[in-house]
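Listed here are the chains, written in short residue letters.
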Amino acid sequence: MTSTTPEPGKLRIALIGYSFMGSIHAQAWTTAPRFFDLDVVPVLAAVCGRDQEAAQSFADKFGIGRVETDWRTLVADPDIDAVDICAPGNLHAEIAIAALQAGKHVLCEKPLANTLAEAEKMALAAEEAKALGALAMVGFSYRRTPALAYARELVRDGRLGTIRHIRASYLQDWIVDEDFPLVWRLEKDKAGSGALGDIGAHIIDLAQYVTGHRLAGISALTETFVKTRPLAGSSSGLQALPGLETSSGPVTSSSAETSSGLRAQGPDMAERGAVTVDDAAVVIGRTAEGALATFEATRFATGRKNAIRLEVNGSLGSLAFDFEDLNELWFHDHTDPAESAGFRRILVTEPNHPYAGAWWPPGHGLGYDHAFVHQAADFARCIARGEQPEPSFAEGLQIQRLLDAAETSAANNAQWQDVTAGA
Ligand code: SOE
């Protein structure tokens, strides 16, 4: 067992994975102490990836002094305080449980796991690791977008009254091309599920986070529109597409990139494999607190790249958010006189808005990556104070129960599924 007490003032992090999520986490760890006052300063002590050369080049870019190809070496190392898991979902459980049992703090990318059984084991490991002083958090980063954190404050302050409706969608279009290759995110054994777990999990988390409600039952439909795709083997010599590596290495393709992703052509792309996850999911639900909720997650919304919309209607007012204008929150106060009432735009960049005060003067705006910086800062602060960082693995497990129920429902003609509502 290794110590969970960081070297004074430092939180030495081992980053597992160096692709899209690995990069944004690395940037976040590096940036957080520059903008937030932290009692412990995160230090990227090591990066781990299967491809030594690629991991080394990542390490060189981020000034990381150590590269490993086996995460077990890092989990066993007393010079590592925390493990940040940015690997595909099929690796989450094994790495997180080993790290927690070794007394390391853990930040794990979402969704928590590929299966409910794995998520249960991870939540148990996190609970047990508290005795070693180790804390665990799941990376639902969008919560820390200032406009969404502020939305939660408005709900908490009672400005919406009784919540009646939650309406959320997460729309992407990166696999519309039927010849986009079979990357790991399209394989159930690597990714767990498709749009449902990858992006549906985000909007379920956001809906619950902003409203404080918990889904108590759901019904779902899923669809896989394109059933087979070109195998994305590394032999085809194609260009790497950041973040969309195959299970055996980076995605490669000799063909032209299109706006919707890679157009896979060429002789070695004739071979196709089965897509084993959903392309899109539609979920309806009821919260334990009595609201109705609808969710839509798809990778087939042509023209929508990363559109996250959330609208909440309450007895006293409504909120609306669109990630394409992420610095804005729309608020309708229904107690205003009807003749002057209406949605007004709040630019969430004031110094007293959540997180915003650490950055630029009002109106100068933040981006996608800032939520990850906020996540890194909050994680480091909680570790320094010995407080549970949110969302905990228990919350990640509650969302996993919903994902699991959605899959069961979809496999049974949208049959209603009751779900334990507590986190
Ligand atoms: C791919 O769909 C993806 O990178 C998700 O995995 C992320 O969680 C989301 O932020 C952007 O899209």
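Throughout this description, residue numbers start from 1 for each chain and increase along the sequence as written. A pLDDT threshold of at least 70 governs which residues receive local features in this predicted model, and a stricter bar of 80 or more applies before side-chain atom pairs are shown or counted, although totals over entire chains, interfaces and linings include all residues. To get the side-chain values, all heavy atoms of the structure are used, and hydrogens and water are removed first.

### Overview of the overall build of the chain
Right, on to step 1. Secondary structure follows DSSP: runs of H or I at least 4 residues long count as helices, runs of E at least 2 residues long count as strands, and numbering of each begins at the N terminus. Scanning the chain from terminus to terminus reveals 10 helices and 19 strands.
Right, on to step 2. Only protein chains enter the accessibility calculation, which uses a 1.4 Å probe; a residue whose area is less than 20% of its type maximum is buried, one above 50% is exposed, and one in between is partly exposed. Looking at the chain as a whole, 57% of its 423 residues are labelled buried.
Right, on to step 3. Any pair of residues with heavy atoms lying within 4.5 Å of one another is described as a contacting pair. Considering only residue pairs separated by 6 or more positions, the chain has 73% of its internal contacts joining residues 24 or more positions apart.
Right, on to step 4. In this description, accessible areas are obtained by the Shrake-Rupley approach with a 1.4 Å probe, and a residue is regarded as covered only by the protein chains that are shown. Accessible surface for the chain amounts to roughly 17000 Å². Of this, 50% is attributable to carbon and sulfur atoms.

### Comments concerning the confidence of the model for the chain
Right, on to step 1. Here pLDDT means the predictor's own confidence in every residue, given as a number from 0 to 100. Looking at the chain as a whole, the pLDDT averages 91, with 88% of positions reaching at least 70.
Right, on to step 2. Below a pLDDT of 50 lies the segment residues 234-267, which in the model reaches 90 contacts outside its immediate sequence neighbourhood of four places, other chains included.

### With respect to the site of the ligand
Right, on to step 1. By nearness alone, every residue bordering the ligand is listed as Phe20, Lys110, Tyr142, Tyr170, Gln172, Trp174, Arg185, Asp198, Ile199, His202, Asn306 and Tyr368.
Right, on to step 2. Two N or O atoms count as a polar contact when they lie within 3.5 Å, although within protein this holds only if one can serve as hydrogen donor and the other as acceptor, and sequence-adjacent residues are included solely when both atoms are side-chain atoms. With respect to the ligand, the side chain of Lys110 contributes an N or O atom lying 2.9 Å from an oxygen atom.
Right, on to step 3. The side chain of Asp198 places a nitrogen or oxygen atom 2.4 Å from an oxygen atom of the ligand.
Right, on to step 4. For the ligand, whose free accessible area comes to 310 Å², the fraction covered by protein is 93%.
Right, on to step 5. The element best represented in the shell around the ligand is helix H8 (residues 195-211), accounting for 3 residues.
Right, on to step 6. Here the limits of each domain have been adopted from an automatic or database domain assignment. For the shell around the ligand, the two domains that each supply at least three residues are domain 1 (10-142) and domain 2 (146-228 + 277-325 + 327-366 + 400-418). Any residue with a heavy atom positioned within 4 Å of a molecule or strand is treated as near that molecule or strand.

### A few points about the sheet that holds strand S8 (residues 215-223)
Each strand in a sheet pairs with its neighbour through backbone hydrogen bonds, running either in the same direction (parallel) or in the opposite one (antiparallel).
Right, on to step 1. By definition, two strands form a pair when at least two bridges between them are found by DSSP. An order of S18-S17-S16-S15-S7-S14-S13-S8-S19 is seen for the 9 strands of this open sheet, with the pairing classed as mixed. A strand with exactly one partner marks an edge of an open sheet, and here the two such strands are strand S18 (343-347) and strand S19 (417-418).
Right, on to step 2. Relative to S19, S8 is paired through 2 bridges, and the arrangement is antiparallel. Within S19, the residue paired with Gly217 across the bridge is Asp418.

### As for the pattern of salt bridges
Right, on to step 1. Every case where a carboxyl oxygen of Asp or Glu lies within 4 Å of a side-chain nitrogen of Lys or Arg is listed as a salt bridge. This model, assessed by the stated rule, comprises 25 salt bridges.
Right, on to step 2. One salt bridge in this structure joins Arg299 and Asp198, with 2.9 Å as the shortest N-O distance. In this pair, Arg299 sits in the loop between strand S14 (292-298) and strand S15 (307-314) while Asp198 sits in helix H8, placing the two residues 101 residues apart along the sequence. With respect to class, Arg299 is no different from Asp198; both count as buried.

### Side note on helix H6 (residues 146-156)
Right, on to step 1. By the criterion of burial, H6 is predominantly enclosed, with 8 of the 11 residues buried.
Right, on to step 2. Among all positions in H6, only Pro146, Ala147, Leu148, Ala149, Tyr150, Ala151, Leu154 and Val155 are buried.
Right, on to step 3. A positive phi of about 80 degrees marks Gly158, the residue just after H6.

### Some remarks on unusual backbone geometry
Right, on to step 1. Backbone torsion omega between Lys110 and Pro111 reads -15 degrees, so that peptide bond is classified as cis.
Right, on to step 2. Relative to the helices and strands, Pro111 resides in the loop between strand S5 (105-109) and helix H5 (116-129).
Right, on to step 3. With omega at 0 degrees, the peptide bond leading from Glu390 into Pro391 counts as cis.
Right, on to step 4. Residue placement: Pro391 occurs in the loop between helix H9 (370-385) and helix H10 (393-411).
Right, on to step 5. A positive phi angle is found at Ala414, which is not glycine, with a value near 65 degrees.
Right, on to step 6. Residue placement: Ala414 occurs in the loop between H10 and S19.

### Quick word on the packing of aromatic side chains
Right, on to step 1. In this scheme Phe, Tyr and Trp rings, the latter by its six-membered ring, pair at centre separations within 6.5 Å, and the angle between planes marks the pair as stacked below 30 degrees, edge-to-face above 60, and tilted otherwise. Applying the stated rule across the entire model yields 16 aromatic pairs.
Right, on to step 2. Ring-pair connections join several aromatic residues into one group, and the members of that group are Phe20, Tyr142, Tyr170, Phe321, Phe323, Tyr368 and Phe372.

### What to know about the pairing of S15
It is a general feature of regular strands that their side chains alternate between the two faces of the sheet.
Right, on to step 1. Judged by how many residues are buried, S15 sits mostly within the fold: 6 of 8 residues are covered.
Right, on to step 2. Pairing of strand S7 (residues 163-171) with S15, which is carried by 8 bridges, proceeds in the antiparallel orientation. Of the residues in S15, the one forming a bridge with His165 is Asn313.
Right, on to step 3. A loop of 2 residues connects S15 with strand S16 (residues 317-322), the two strands running antiparallel in sequence.

### With respect to the pairing of S14
Right, on to step 1. Relative to S14, S7 is paired through 7 bridges, and the arrangement is parallel. Residue pairing across strands places Ile166 opposite Ala293, the latter belonging to S14.
Right, on to step 2. Examined bridge by bridge, strand S13 (residues 280-287) and S14 share 7 bridges and lie antiparallel to one another. Its bridge partner being in S14, Val282 is matched across the sheet by Glu296.
Right, on to step 3. Between S13 and S14, which pair antiparallel in sequence order, lie 4 residues; one of them, Gly290, sits at a positive phi of approximately 100 degrees.

### Here we look at the packing of H8 against H10
Right, on to step 1. Where H8 meets H10, the axes come as close as 10 Å, and the angle between the chain directions of the two elements is 125 degrees. Comparing their axes, H10 and H8 come out oblique. Considering only the axes of H8 and H10, their crossing is right-handed. Contact residues: H8 offers Leu196, Gly197, Ala201, Ile204, Asp205 and Gln208, while H10 offers Gln398, Ile399, Leu402, Leu403, Ala406 and Glu407.
Right, on to step 2. Residue type decides the class: Asp, Glu, Lys and Arg count as charged, Ala, Val, Leu, Ile, Met, Phe, Trp, Tyr, Cys and Pro as nonpolar, and the leftover types, Gly among them, as polar. Here the residues of the contact of H8 with H10 are counted per class, giving 7 nonpolar, 3 polar and 2 charged. Note on method: axes are straight lines fitted to C-alpha atoms, helices fitted across the in-contact stretch only, with angles between N-to-C directions ranging 0 to 180 degrees. Comment on the angle field: the value is read as roughly parallel under 35 degrees, roughly antiparallel over 145, roughly perpendicular from 65 to 115, and oblique elsewhere. Note: crossing handedness is left-handed where the near helix turns anticlockwise from the far helix by less than a right angle, and right-handed where it turns clockwise.

### Brief notes about the environment of Val226
Right, on to step 1. Positionally, Val226 belongs in the loop between S8 and strand S9 (228-230).
Right, on to step 2. With relative accessibility at 5%, the residue Val226 sits in the buried group.
Right, on to step 3. In the structure, Val226 is positioned 52 residues away from Asp278 in sequence and 9.4 Å away in space, judged by C-alpha atoms.
Right, on to step 4. In this structure Val226 touches Glu178, Val275, Asp279 and Phe300, once residues within four positions along its chain are discounted.

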